[in-house]
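Examining the three-dimensional arrangement
What follows is each chain in one-letter form.
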Amino acid sequence: MTEITQPDGTRLRLARQARGLSQQQLAGVAGVTRQAVSAVESGHSDPSLRVALGLARALGMTVEELFGPGDLGDPVLARPAAPVSSPGSRVALATVGDTFVALPLDTDLAARLGFGAAGGLMVRGGENQVGGGNQIAVRPIGPPRPTVVVAGCDPALPLLETPLALLDPPLAFAWWPCSSGEALRLAAAGLVHAAGVHRTGPGETGDAAGIPGGAAAVGFASWREGLVVRPGAQVRGLDDVARRGLRLVNREPGAQARTLLDRERLRLGLEPSQLPGYDSLAAGHLQVAAAIAGGLADAGVSSEPAALAYGLDFIPLAEERFDLLLPAKHAASREVQGLLKVLTSPWLLAQLASLPGYDAARCGERPT
């Protein structure tokens, strides 16, 4: 039987506050009274087994973690979404199903997102951290909050954070920016609640077959993807880029933009060697546009919203949809249900519609 050794209720109060819950909200989720929560937090009452179980489930913790012996910051084993560089590295920490997931916050991700709040520090890494398959030890900075974890390349995905935080009770949000191929791999490994993928036609289903148990699709946004160049470059297509020896900035393997570039290259009979910079790697749509606007490259394939954001010329190559694939095994979770709710919120729809080049008409739509 679990030993209740935290009579002052500090751990319960910290766990509740880390999740942005009031005592009344926590009581409602746990199926207990607000007075019971208050009494435990103040140290005036030890929780009964029923109350302890209800509070632990509501906070996504075990009874041992919430009321047992040990410090709040005891290390937990987590599966990394990508290799973590060294002990002491900062990570975002979330739970997906029954698994702790660590999202590295250093190197390239920090460059893309800035210094975000960390959920923990890596204490010990597993051997050969490849594909999120091995576990690492992470010492939490605070109690992990219920967090919606989404992977994908759309730079509008962080807009989900605001409406998720306004839910009652609130949910946190973590974005892992990556290609569609990488997002699908993370979904298949059980490390995200949603994987963002590109689709060029209504009949496409992405690679949901690779996700154990399958996945449901829900719309997020639509846009055009194409060749992006500096204003006045007088480029009409990829053949002009090759003929004039202009420098290209490319995306990583698995990115839809790279697939589209190769499709156009093969259509024109061009070899990679005819495109200087073909082997370069940019991490996202905005990074491609930023490289061109900053003079590091002359052309690249990106989304029209990214081109418009940087005032660049755009030559369309394809109409694309960006959908979220939701693994079936997480469909009933509080995180996925919260995500589905905010996808149709007026605030999110208005924000997406305000972005030049975005079409939000399908946001929250579930194909029949």
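Structure shown above.
Every value quoted in this text rests on a predicted model; they were computed, and no experiment measured them.

Strand order in the closed barrel formed by five strands is β1-β3-β2-β4-β5, and the pairing between neighbours is mixed. Direction aside, the axes of adjacent strands within the sheet are offset by 55° on average.

For the structure shown, the criterion picks out 13 salt bridges. Across the pair R236 and D240 runs a salt bridge whose closest N-O atoms are separated by 3.5 Å. Accessibility expressed as a relative area gives 70% for R236, which makes it exposed. Taking relative accessible area as the criterion, D240 reaches 4% and is therefore assigned buried. Between D262 and R265 there is a salt bridge, with the nearest N and O atoms lying 3.3 Å from each other.

Here we take up the packing of helix α2 (residues 23-30) against helix α4 (residues 49-58). In the contact formed by α2 and α4, the axes pass within 8 Å of each other and the chain directions differ by 105°. Judged by the angle between their axes, α2 and α4 are roughly perpendicular. Together, L26, V29 and A30 of α2 and G54, L55 and A58 of α4 make up the contact between the two elements.

Here we take up the sheet that holds strand β10 (residues 248-249). Strand order in the open sheet formed by seven strands is β7-β6-β8-β12-β9-β11-β10, and the pairing between neighbours is mixed. Looking at strand neighbours, the two that pair on one side only are β7 (172-177) and β10, the edges of this open sheet. Inspection of the sheet shows strand β6 (residues 147-152) paired to β7 by six bridges, in the parallel sense. Across the sheet, G152 pairs through a bridge with P177, a residue of β7. Along the sheet face, helix α11 (residues 285-293) touches β8 (194-199), β9 (215-229), β10 and β11 (299-303) and points at about 145° away from the line of β11. Sheet strands touched by helix α13 (residues 334-342): β6, β8, β9 and β12 (313-327). Its angle to β12, the strand with the most contacts, is close to 140°.

On to the side chain of E304. Among the secondary structure elements, E304 is positioned in helix α12 (residues 304-309). You can call E304 buried: its relative accessible area is 15%. When near neighbours in sequence (up to four residues on either side) are disregarded, E304 contacts R224 and F314.

Before going further, it helps to spend a moment on the environment of I315. Relative to the elements of secondary structure, I315 occurs in strand β12. Remark: the alpha-carbon pair of I315 and G237, spanning 78 residues in sequence, is separated by 7.1 Å. Beyond its immediate chain neighbours, meaning those up to four positions away, I315 contacts G226, L227, V229, V235 and R236.

Definitions and limits used
Residues numbered from 1 in each chain as written. Predicted model: local features only at pLDDT ≥ 70, side-chain atom pairs only at ≥ 80, totals over all residues. Heavy atoms only, no water. Pairing = 2+ DSSP bridges. Helix = DSSP H or I, 4+ residues; strand = E, 2+ residues; numbered from the N terminus. Axes fitted to C-alpha atoms, helices over the stretch in contact; angles between N-to-C directions. Salt bridge = Lys/Arg side-chain N within 4 Å of Asp/Glu carboxyl O. Buried < 20%, exposed > 50% of the residue type's maximum accessible area, 1.4 Å probe, protein only. Parallel < 35°, antiparallel > 145°, perpendicular 65-115°, else oblique. Contact = heavy atoms within 4.5 Å.

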